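Notes for the structure review
What follows is each chain in one-letter form.
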Amino acid sequence: MEWLRNLSLRKAYLLFTVSCFLAAFLLTWGTTKVCVSLRESLAPSGVEIVYDESGKGTIVSREIPTEEAWNAARGVESLQYILTVVYFGGAFLLSGTLFYRLKLKHPIQKLQAGAQRIMEQDLDFVLEAEGKDELESLCAAFEKMRGQLQRNHQELWRQGEERRRLNAAFSHDLRNPVTVLKGSIRVMEKVLQGDRLERAALEDHLARMSHYTERIASYIETMSQVQKLEDAPLSPVEITFGELGKEMQEEGELLLWETACPLSFQFFGSEHAVVWVDRAVVSTILENCLTNASRYAKQTIQVTVSVQGERLTLSVQEDGPGFSPNMLRNGTEPFVRGEKTAPEHFGMGLYVCRLLSEKHGGGIALENTETGGRVSVWMKSGKP
């Protein structure tokens, strides 16, 4: 039946029609011969030639048929006409039925089922074309449309997920600079209460607050222009390792100003070593790591920063219970939260650290040590 599936609809229709009407013609011809012979036997008419032994023919008149014989002959004649109509009418119906069942029914059912699944927003199916006629070509075109709809649906879902991640990261990362600003303000308030604030210290605090205000404004502008976190641009600048370490220490102390957990820093590397890093990226990674560590630390948080060659490494160690197996496996994925994470947190901190470190040519690792959990982040610090 492969040849029949590959026939065009026009050729298939002609084939079924001609075949059925040819069969009707043959049946009519056969029926006519039988009926004529039957009528002659029931009610013979006219004359016949009878030949003797010498071959001489004599014309003899036939007997006039009885009324019953004439009625029977007329019935056979009527049956002949009726059967002729039945044969050709049946040929017409049979050709249409065969054409529908063999060429139209299955493709139409496939198209209807596919359209129904699309209306139900189910695109996870395949509509296979089983022949080369016009309807099967339509099925193939329908399948291409379904595949494109599925790809568009997946792309829309991906864009929505990226936007959700971006919004969550945006809200998450704004919280840390705001916390540092709060810490600066409270330090100033506490110092002012003791009337011990000198002009140089005031200028330092104002400069820090101005820096973080500009950072927030720049971050808002950047996030409003990107479609996903991976699109956020890098701006590496030249800075000495000593200056970078000082900034990190000040930011960390202000970020954890309200916590009772002591924070200590260790630096390994020459203070005069030059590194090329995006300072906002380094600050964001440090703040996220410290924020996570502060939720689990019992007594201390240890920050270790080192520079070796063209690699800058930041490790944050806390003395809490360590990471759960799920956090060790999936902690750097978006919206994964630890057991002690408050509901208002999005579970985006370590995910943002991973993305930013990878954009900076590095990576991130979570591990448990004898004293608690540790997050290690590294990135390239050579001149771009």
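Everything below is about the structure shown above.
Scope of this entry: the structure provided in the associated data block. (Residues numbered from 1 in each chain as written. Predicted model: local features only at pLDDT ≥ 70, side-chain atom pairs only at ≥ 80, totals over all residues. Heavy atoms only, no water.)

Examining unusual backbone geometry
The condition that has to hold: Think of it this way: any DSSP run of H or I at least four residues long counts as a helix, any run of E at least two long counts as a strand, and we number them from the N terminus.
Although it is not a glycine, Q121 adopts a positive phi angle of roughly 60°. Tracing the chain through its elements places Q121 in the loop between α3 (67-119) and α4 (134-193).

As for the pairing of strand β9 (residues 372-380)
So the rule is basically this: Pairing between strands requires that DSSP locate at least two bridges from one strand to the other.
Pairing of strand β7 (residues 311-318) with β9, which is carried by seven bridges, proceeds in the antiparallel orientation. Its bridge partner being in β9, Q317 is matched across the sheet by R374. Where strand β8 (residues 363-369) and β9 come together, seven bridges link them in antiparallel fashion. Looking at the pairing, I364 lines up with V377 of β9. Here β8 folds back onto β9, and the loop between the two strands holds two residues.

Thoughts on the packing of aromatic side chains
For any pair of aromatic rings, the description rests on two quantities: the centre-to-centre distance and the angle between the ring planes. Convention followed: Each pair of aromatic rings taken from Phe, Tyr and Trp, with Trp reduced to its six-membered ring, is defined by centres within 6.5 Å and is described as stacked if the planes are under 30 degrees apart, edge-to-face if over 60, and tilted in the remaining cases. Classification of residues uses two cut-offs on accessible area relative to the type maximum, computed with a 1.4 Å probe and protein chains only: under 20% is buried, over 50% is exposed, and between them is partly exposed.
This model, assessed by the stated rule, comprises five aromatic pairs. Geometrically, the ring pair formed by Y13 and F99 is edge-to-face, given 5.4 Å between the ring centres and 80° between the ring planes. Of this pair, Y13 sits in helix α2 (residues 9-42) while F99 sits in helix α3, and the two are 86 residues apart along the sequence. The class of Y13 is partly exposed, set by a relative accessible area of 41%. Given a relative accessible area of 13%, F99 falls into the buried group.

Overview of the packing of helix α7 (residues 279-296) against helix α9 (residues 349-359)
Our working rule: Under this scheme, a helix contributes an axis fitted over its contacting stretch, all axes are lines through C-alpha atoms, and angles between N-to-C directions fall in the 0 to 180 degree range. An angle below 35 degrees is treated as roughly parallel, one above 145 as roughly antiparallel, one from 65 to 115 as roughly perpendicular, and anything else as oblique. Should the near helix be turned anticlockwise from the far one by less than a right angle, the crossing is left-handed, and should it be turned clockwise, the crossing is right-handed. Should any heavy atoms of two residues lie within 4.5 Å, those residues are considered in contact. Note that Gly is not counted as nonpolar here; it falls among the polar residues with everything else outside the nonpolar set of Ala, Val, Leu, Ile, Met, Phe, Trp, Tyr, Cys and Pro and the charged set of Asp, Glu, Lys and Arg.
Where α7 contacts α9, the axes come no closer than 9 Å and their chain directions differ by 150°. On the basis of their axis angle, the class for α7 and α9 is roughly antiparallel. Helix-helix and strand crossings are classified by hand; for α7 and α9 the assignment is left-handed. Here V281, T284, I285, N288, C289 and N292 of α7 come into contact with α9, specifically with G349, L350, V352, C353, L356 and S357. Tallied by class, the residues present in the contact of α7 with α9 amount to seven nonpolar, five polar and no charged.

Thoughts on the nonpolar core
Rule in force here: Buried Ala, Val, Leu, Ile, Met, Phe, Trp, Tyr and Cys residues form a nonpolar core when they are joined through side-chain atoms within 4.5 Å.
One finds I285, I301 and V303 to be the most contacted residues of the largest nonpolar core, which totals 46 residues. Here this core takes seven residues from α7, the largest share from any one element.

Some thoughts on α7
Every α-helix winds through 3.6 residues per turn, so residues three or four apart in the chain are directed the same way. For clarity, the cut-off: A helix is expected to reach a length of 1.5 Å times the quantity of its residues less one. Counting of polar contacts relies on pairs of N or O atoms within 3.5 Å, with two restrictions inside protein: one atom must be capable of donating a hydrogen and the other of accepting it, and residues adjacent in sequence are counted only when both atoms are side-chain atoms.
Between the first and last C-alpha of α7 there are 26 Å, a value that for 18 residues agrees with the 26 Å anticipated at 1.5 Å per step. Counting buried positions along α7 yields 14 of 18 residues, so the element is predominantly enclosed. For α7, the capping residue at the N-terminal end is D278, with a side-chain oxygen 3.0 Å from the backbone nitrogen of A280.

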